Amino acid sequence: MIDNQPMLSRVADSLYWMSRYLERAENTTRLLDVHMNLELDISSGLAEKQRNQRLITSLALPPASVDEDLLHTLTFDRNNPASIFALVAGARENARQVREQLSSEMWTQINKLYLHVRGTDADAVWQSSPHNYYLEIREGSHLFQGITDATMNHNQGWHFIQLGRYIERSTALLTLLDVHFKDAHLRYKDDITTDRYFELIETLKCVSAFEAYTKVYSPNVQPIWIVEFLLYNPEFPRSLRFCVDMIQTSLIALSETTGRTRHSRLYKIAGRIQSNLNYDEIGDINGLHDYLDNIKRQIFQIHDTLYDTYITYPIETAL
Amino acid sequence: MTTLRTLSSLLDQYIVKADCYDETFNHTNETRQHYQSLMERLAKFSASELAYRQQAADVTFLNQGITFTVYGDNEGTERTFPFDLLPRILTGKEWRQIESGLSQRLRALNLFLHDIYHDGLIFKDKVIPYELVASSKHYRREMRGVNIPHNIYVSICGTDLIRLPDGNFAVLEDNLRVPSGVSYMLANRQVTKHVFPRLFQNYGVRPIDQYAQALLSTLQSLAPHTDNPTIVLLTPGVYNSAYFEHTFLARQMGIQLVEGRDLLVHDGVVYMRTTDGLKRVDVIYRRIDDDFLDALTFRPDSQLGVNGLFNAYRRGNVVMANAVGTGIADDKAVYAYLPKIIKYYLDEDPILHNVETFLLEDAVQQQHVIQNIDKLVVKAVGEAGGYGMIIGPHSSKAEQEKFIELIKANPRNYIAQPTLSLSIAPCFVNNQIEARHIDLRPFILYGKTVTIVPGGLTRVALRKGSLVVNSSQGGGSKDTWVLYD
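Being a predicted model, the structure only gives us computed values, none of them experimental. Sequence order sets the numbering: in each chain, residues are counted from 1 along the sequence as written. The naming scheme follows written order: chains are lettered A onward, ligands numbered 1 onward. Totals for whole chains, interfaces and linings use all residues, but because this is a predicted model, local features are given only for residues with pLDDT of at least 70 and pairs of side-chain atoms are given and counted only at 80 or more. For side-chain calculations, the full set of non-hydrogen atoms in the structure is used, while hydrogens and water are omitted.

For Phe, Tyr and Trp, rings pair up if their centres lie within 6.5 Å, where Trp contributes its six-membered ring, and each pair is then called stacked (planes under 30 degrees apart), edge-to-face (over 60) or tilted (otherwise). Summed over the entire model, instances satisfying the criterion amount to 31 aromatic pairs over all chains. Arranged with centres 5.4 Å apart and planes meeting at 75 degrees, the rings of Phe298 of chain B and Phe310 of chain B form a pair that is edge-to-face. Pair noted here: Phe298 of chain B is in the loop between β11 (283–286) and α11 (309–314) and Phe310 of chain B is in helix α11, with a separation of twelve residues, a long-range link. Across the pair, Phe310 of chain B and Phe298 of chain B agree in class, each one buried. Through a chain of ring-to-ring contacts, three or more aromatic side chains come together here, namely Tyr213, Tyr217, Trp225, Phe229 and Phe236 of chain A. Only when the NZ atom of a Lys or the CZ atom of an Arg is both within 6 Å of the ring centre and within 35 degrees of the ring normal do we say a charge sits over the ring. Above the plane of the ring of Phe210 of chain A lies Lys205 of chain A, whose end atom (NZ or CZ) is 5.7 Å from the centre. Stacked on the ring of Tyr313 of chain A, the Lys or Arg Arg273 of chain B has its end atom at 4.6 Å from the ring centre. In DSSP terms, a helix is any run of H or I states spanning at least four residues, a strand is any run of E spanning at least two, and both are numbered starting from the N terminus. Partly exposed describes any residue whose relative accessible area lies between the buried limit of under 20% and the exposed limit of over 50%, with all areas from a 1.4 Å probe on protein chains only and scaled to the type maximum.

Quick look at the structure:
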């Protein structure tokens with residue numbers, strides 16, 4: 001018998017947010033890790049206060065959330081919804097709600113990751129080496145993604161997981177680029193001071209892009225090439241172009257399996273971004289902030305339309 | 001005792017009690033015939049071999065996440081249901097009696113439910129007082145005059161049986177609302193097969209794995225409109241103690257596991273919200289109590305149900321199993337009338353007997369109960385799961401005083417029964433085989449016909465001397481084998 005059961009909207013919603021929370025937790029570890037590392041390297045760069053501010057803005061948090069113990073708070077504070085703890089717990093709680101839809105390997109892994117951040121020795125591990133602590137969480141998240149791809153049916157649910165991951169990843173990238181480059185003049189040749197050099201490398205490391213970047217551009221880092229790489233490179237899995245391609249693929253797959261007719265608007269938006277990223281050139285961008293902001297708005301539209309189509313649709317339209 | 005000891009040194013601590021029925025040994029300490037091969041086989045095991053198998057079984061339960069939630073425990077914990085290695089065995093003859101007795105009882109209960117919500121003939125004929133029924137907290141006025149498909153109110157039932165010292169089975173209580181435990185019956189069988197494969201193979205045990213299929217057929221047979229009904233299992237959600245069972249059954253039957261927020265009612269029709277749009281629901285196997293089904297009809301603070309569900313139900317647009325209002329028939333005071341109910345509707349004598357029950361609204365009976373509370377079991381009529389009860393011989397003076405107050409304040413809410421000696425069976429505890437008290441919950445399905453898979457959940461009071469078998473109160477369970485003749 002062919003099992004062509006529809007999927008409950010609630011289940012789609014939980015899978016989507018499970019994936020988004022986990023991706024956000026992973027992004028946060030990377031930003032915090034880089035931030036700490038930068039403090040060690042830079043002698044006379046940005047003042048600490050500014051750097052904290054920049055971290056906060058890169059995480060899209062309100063400016064008021066700076067406190068004395070910023071890194072500890074963003075790692076462990078159970079009451080702060082942006083902390084790594086809260087994000088992992090949120091991902092796990094969403095997984096728990098739909099546990100029977102996950103493979104048992106997936107559940108085991110996400111539960112393990114949760115037990116790891118909840119563990120009594122987590123704070124001690126972090127105190128002795130924040131880098132190792134963040135690395136373990138990233139590895140846990142990567143393992144979960146690998147297990148998901150290898151053990152779950154690539155059905156509707158899997159596509160909602162994909163959408164959650166890439167929508168989260170693309171919005172986080174857009175915020176990061178905005179914070180790091182909105183004031184930079186994108187010229188082809190800039191004199192780079194040593195401190196600036198470190199900062200640029202750290203920007204790349206915030207999205208694990210340093211190695212991939214050097215393979216394309218050599219280690220000669222220039223802001224304009226970094227932006228070009230992170231926006232337009234079709235092969236790097238954290239570039240915007242890559243994310244949008246994955247989003248579009250999953251949107252098409254979803255509309256094929258569900259046969260919903262109201263999907264057309266969904267891929268029009270995604271397709272529009274896709275072709276912009278395909279044909280735009282970095283030299284043509286006039287005002288990076290507005291350019292990024294415009295794309296971000298469209299990504300938010302994808303999220304909203306996805307919900308309108310599959311999850312929170314008004315019942316009159318669905319009868 | 002000699003026969004016992006020579007069987008195996010593991011049985012050194014096994015004490016045969018004179019005041020209760022022993023499932024395995026007769027009064028002269030000889031092994032009953034249907035337990036013979038099992039005991040012979042056990043005699044060949046050492047304690048460490050059994051312990052190894054016990055561990056293998058425990059790990060299986062843990063890894064598969066076969067757990068239940070304990071309420072009132074701050075840890076909010078999921079626990080595995082303790083599993084005892086040694087199966088409980090019933091002969092074909094014993095089972096036939098149970099089967100016909102349960103079937104008779106369920107037929108009578110369904111006729112009773114239809115009658116009290118329609119013509120009330122049983123009241124007019126003064127077999128049972130109307131006040132007793134109408135005062136039950138499970139009586140649903142809203143069900144008066146509501147017609148349901150095939151007049152089947154209870155399609156899924158789990159009846160608790162105990163074995164009296166004379167070897168006869170008696171009904172302790174009927175669970176007619178949302179009985180649970182069937183997933184443990186099935187899981188126990190799976191695990192036993194893995195742990196004792198050769199023994200199992202040669203024993204002639206009747207299979208039970210067809211339960212999910214039988215349940216699905218039962219639910220399908222209730223659908224009035226369509227040959228290909230959409231059936232869902234409605235769960236209160238992940239925090240419910242039986243959530244594992246809900247996921248297990250939904251998966252076994254290949255139906256959607258839904259929560260109240262997945263369903264909506266539009267124009268008297270129930271739909272579920274899916275990524276493909278709204279899909280009409282025809283049959284709901286609900287694992288939510290009446291009270292929480294529909295905030296517009298029942299408890300207005302319920303977050304678990306579906307607004308308008310009862311209206312759709314009353315219009316016949318959706319079927320629920322079990323029907324609304326079935327709890328009245330497992331009210332423990334109504335239980336006392338069951339022999340009369342069977343006689344009234346079927347004109348038959350009950351095949352399975354009730355346990356003697358005192359109704360406390362009767363002044364004479366109440367007086368007797370208060371004087372003898374240290375010897376009796378007192379239970380709240382509408383509770384289940386071992387909550388709201390006191391066991392006289394195992395209680396303190398203070399607890400007894402408290403219950404006497406409760407009885408005087410609200411006599412309708414309590415019944416009393418003699419403290420019963422549940423039968424005992426061998427269990428593997430503390431690295432040896434000891435006797436523990438057990439009961440039996442078979443699961444009865446009623447669609448086009450009555451179906452009872454041969455077996456049930458045998459619950460074990462794992463604490464030494466304890467008579468309480470409920471999972472929430474430290475009970476465990478074991479596999480139940482019904483043999484071919």
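Now that the structure has been shown, the text picks up again.
Relative to the elements of secondary structure, Tyr239 of chain B occurs in the loop between β6 (231–234) and α10 (243–253). A C-alpha to C-alpha distance of 41 Å links Tyr239 of chain B and Gln365 of chain B, two positions 126 residues apart in sequence. Under the rule applied, a polar contact is a pair of N or O atoms within 3.5 Å (in protein, one hydrogen donor and one hydrogen acceptor; residues adjacent in sequence only if both atoms are side-chain atoms). At 2.9 Å, the side chain of Tyr239 of chain B and the side chain of Glu93 of chain A are in polar contact.

Here we take up the interface of chain B and chain A. For interface size, the figure often reported is the accessible area lost on association. The contact criterion used is simple: two residues touch if any of their non-hydrogen atoms lie within 4.5 Å. With 26 residues of chain B in contact, the opposing surface of chain A contributes 23 residues. Here, a salt bridge means any Lys or Arg side-chain nitrogen found within 4 Å of an Asp or Glu carboxyl oxygen. Summed over the shared surface of chain B and chain A, the number is two salt bridges. Notably, a salt bridge pairs Arg10 of chain A with Asp262 of chain B, separated by 2.7 Å at the nearest N-O pair. Put simply, the parts of the chain that give the side of chain B that touches chain A at least two residues each are α10, β7 (256–258), β8 (263–266), β9 (269–274) and β10 (277–280) of chain B. It is β9 of chain B that provides the largest number of residues to the side of chain B that touches chain A, a total of four residues. Just so you know the grouping, Ala, Val, Leu, Ile, Met, Phe, Trp, Tyr, Cys and Pro go in nonpolar, Asp, Glu, Lys and Arg go in charged, and all remaining residues, Gly too, go in polar. Considered class by class, the residues forming the side of chain B that touches chain A number ten nonpolar, eight polar and eight charged.

A word on the packing of helix α7 (residues 130–151) of chain A against helix α8 (residues 156–181) of chain A. Residue and element names in this part refer to chain A. Between N-to-C directions, angles span 0 to 180 degrees; the directions come from axes that are lines fitted to C-alpha atoms, helices contributing only their stretch in contact. In contact at an axis separation of 11 Å, α7 and α8 are set at 150 degrees when each is read in the N-to-C sense. What the angle tells us is that α7 and α8 run roughly antiparallel. Read as a crossing pair, α7 and α8 show a hand that is left-handed. Seen from α7, the contacting residues are Gln145, Thr148 and Asp149; seen from α8, they are Trp158, Ile161, Gln162, Arg165 and Arg169. Here the contact of α7 with α8 is composed, by residue class, of two nonpolar, three polar and three charged. In this scheme, roughly parallel covers angles under 35 degrees and roughly antiparallel covers those over 145, while 65 to 115 is roughly perpendicular and the rest are oblique. Left-handed is the label given to a crossing in which the near helix is rotated counterclockwise from the far helix by less than a right angle, and right-handed is the label when the rotation is clockwise.

So, about the pairing of strand β18 (residues 424–429) of chain B. All names here are of chain B. With six of six residues buried, β18 lies mostly within the body of the structure. The two faces of β18 match: Ile424, Pro426 and Phe428 on one face and Ala425, Cys427 and Val429 on the other face are all buried. Two strands form a pair only when DSSP identifies at least two bridges running between them. Pairing between β18 and strand β19 (residues 432–437): six bridges, direction antiparallel. Residue Ala425 lies in a different strand from β19, and its bridge partner there is Arg436. If you look at the hairpin formed by β18 and β19, you'll find two residues sitting between the two strands, and Asn430 has a positive phi there, around 50 degrees.

Glancing now at the nonpolar core. Residue and element names in this part refer to chain B. Here the nonpolar core consists of buried residues drawn from Ala, Val, Leu, Ile, Met, Phe, Trp, Tyr and Cys, with membership extended through side-chain atoms lying within 4.5 Å. Of all hydrophobic cores here, the largest spans 241 residues; its most connected members are Phe112, Ile128, Tyr211 and Ile284. Residues contacting Tyr211, with those up to four places away along its chain left out, are Ile156, Val182, Met185, Leu186, Leu249, Phe443, Leu445 and Val453. Core analysis: the next-biggest nonpolar cluster, separate from the first, contains 14 residues, Ala380, Ile390, Ile404 and Ile407 among them.

This next bit is on the packing of α8 of chain A against helix α14 (residues 288–311) of chain A. Residues and elements named next belong to chain A. Across the interface, α8 lies against α14 with an axial gap of 10 Å and an inter-helix angle of 160 degrees. Classified by the angle between their axes, α8 and α14 sit roughly antiparallel to one another. Classified by chirality, the crossing of α14 by α8 is left-handed. Across the interface between the two elements, Phe160, Leu163, Ile167, Ser170, Thr171, Leu174, Thr175, Leu177, Asp178 and Phe181 from α8 touch Leu288, His289, Leu292, Ile295, Lys296, Ile299, Phe300, Ile302, Leu306, Tyr310 and Ile311 from α14.

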